[in-house]
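# Per-entry structural report
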Amino acid sequence: MAVTVKANTRNDFKRSTKNELRKSGLVPAVVYGKDKEPIAVSVNSLELLMTVRDEGKNAIISLDIEGKKPVDVMLHDYQIEPIRNELYHADFYMVDMSQEIDVEVAIHLEGDAQGVKDGGILSQPLHELAIRAKPNNIPEAITLDVSNLEVGDSLLVSDVKAGNNYEITQDETTTVVTILPPQTEEVVEPGETQDGDVEPEVINQKDDDEEEEESKES
């Protein structure tokens, strides 16, 4: 079910006007879609952030634009102002609920890997999985159980089972998670440097016996 977010149309595109919107708690945004005329709008920044937090970034949003019929959209992209860490701009993409779209879904791991219990290190190179599905069938996340993974084991995309309502489009050879061997500290043997090289012999260095003999002769 789509979450409703209210939006106001924008007709003034001056930078000063956009800054005033941001100061009042709104964020400038654009709504666009295939064969659709873009619509400039503004939405409540806090309301949008809370919607994404609660429903996920792939949530279907019913954008209630003043004076227009509500449209189903997804948050396609957004920008954060780095200094204030505030929402700066947003892009919404109109979706056809009957057509499949390509999105990326978060990967969640569950379970305690046996390899980690044995001292290994869990590494997760892939945190989002590319899938294709109709908007209402997009899962909030894809959960993988890693309990049986031992040191040296890996899960590839080819090991992930697709759901009944979506297709995985990610390269099957991509590694999702792997259990690396335990890290061991290198022991430096006496007479060797940290790089493993033998300490160089000092030319003309005299040992204690030679020094004692020379002392007696003198």
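This text gives an overview of the structure that appears in the document. (Residues numbered from 1 in each chain as written. Predicted model: local features only at pLDDT ≥ 70, side-chain atom pairs only at ≥ 80, totals over all residues. Heavy atoms only, no water.)

As enumerated under the stated definition, the model contains one aromatic pair in all. When the centroid spacing of 5.6 Å and the interplanar angle of 70 degrees are considered together, the rings of Tyr-32 and Tyr-93 count as edge-to-face. Of this pair, Tyr-32 sits in strand S2 (residues 26-33) while Tyr-93 is found in strand S6 (residues 86-94), placing the two residues 61 residues apart along the sequence. With a relative accessible area of 28%, Tyr-93 lands in the partly exposed category. Sitting over the face of the ring of Tyr-88, Arg-22 holds its NZ or CZ atom 3.7 Å from the ring centroid. (Phe/Tyr/Trp six-rings, centres within 6.5 Å; stacked < 30°, edge-to-face > 60°. Helix = DSSP H or I, 4+ residues; strand = E, 2+ residues; numbered from the N terminus. Buried < 20%, exposed > 50% of the residue type's maximum accessible area, 1.4 Å probe, protein only. Lys NZ or Arg CZ within 6 Å of the ring centre and 35° of its normal.)

Further remarks concern the sheet that holds strand S13 (residues 175-180). Sheets are built from strands paired through backbone hydrogen bonds, the pairs being either parallel or antiparallel. Reading across the sheet, the three strands line up as S8-S13-S11 and stay open at both edges, with antiparallel pairing between neighbours. Each having just a single partner strand, strand S8 (121-123) and strand S11 (154-156) make up the two edges of the open sheet. Across the sheet, the mean angle from the axis of one strand to that of its neighbour is 10 degrees, orientation sign disregarded. Pairing analysis gives three bridges linking S8 to S13, with the strands arranged antiparallel. In the strand pairing of S13, Ile-121 is matched with Leu-180. (Pairing = 2+ DSSP bridges. Axes fitted to C-alpha atoms, helices over the stretch in contact; angles between N-to-C directions.)

Let us now look at the pattern of salt bridges. Throughout the structure, instances matching the rule amount to six salt bridges. A salt bridge links Glu-128 to Lys-57; its shortest N-O distance comes to 2.8 Å. Of this pair, Glu-128 sits in strand S9 (residues 128-133) while Lys-57 sits in the loop between helix H2 (45-55) and strand S4 (61-65); the two residues are 71 residues apart in sequence, bridging distant segments of the chain. Here Glu-167 makes a salt bridge to Arg-132, at a shortest N to O gap of 3.8 Å. With a gap of 35 residues between them, Glu-167 in strand S12 (residues 166-168) and Arg-132 in strand S9 connect regions that are remote in the sequence. Residue class for Glu-167 comes out partly exposed when judged on its relative accessible area of 40%. When salt bridges with common partners are traced through the structure, they connect Asp-102, Arg-132 and Glu-167 into a single cluster. (Salt bridge = Lys/Arg side-chain N within 4 Å of Asp/Glu carboxyl O.)

Moving on: the environment of His-76. With respect to the helices and strands, His-76 occurs in strand S5 (residues 71-81). Sequence spacing of His-76 and Val-31 is 45 residues, and the spatial spacing of their C-alpha atoms is 9.5 Å. Not counting residues up to four positions away in its chain, the partners in contact with His-76 are Tyr-32, Asp-91, Phe-92 and Tyr-93. Engagement of the side chain of His-76 in a polar contact is seen with the side chain of Tyr-32, the distance being 3.0 Å. (Contact = heavy atoms within 4.5 Å. Polar contact = N/O pair within 3.5 Å; in protein donor to acceptor, adjacent residues only side chain to side chain.)

The next point concerns the pairing of S9. Relative to S9, strand S7 (residues 101-110) is paired through six bridges, and the arrangement is antiparallel. Note that in S9 the partner of Ile-101 across the bridge is Ala-133.

What follows is about the side chain of Glu-81. Mapped onto the fold, Glu-81 is located in strand S5. A polar atom in the side chain of Glu-81 sits 3.1 Å from the backbone nitrogen of Ile-83. A polar side-chain atom of Glu-81 sits 2.5 Å from the main-chain amide nitrogen of Arg-84. The residues touching Glu-81, leaving out its near neighbours within four places in the chain, are Glu-86 and Tyr-88.

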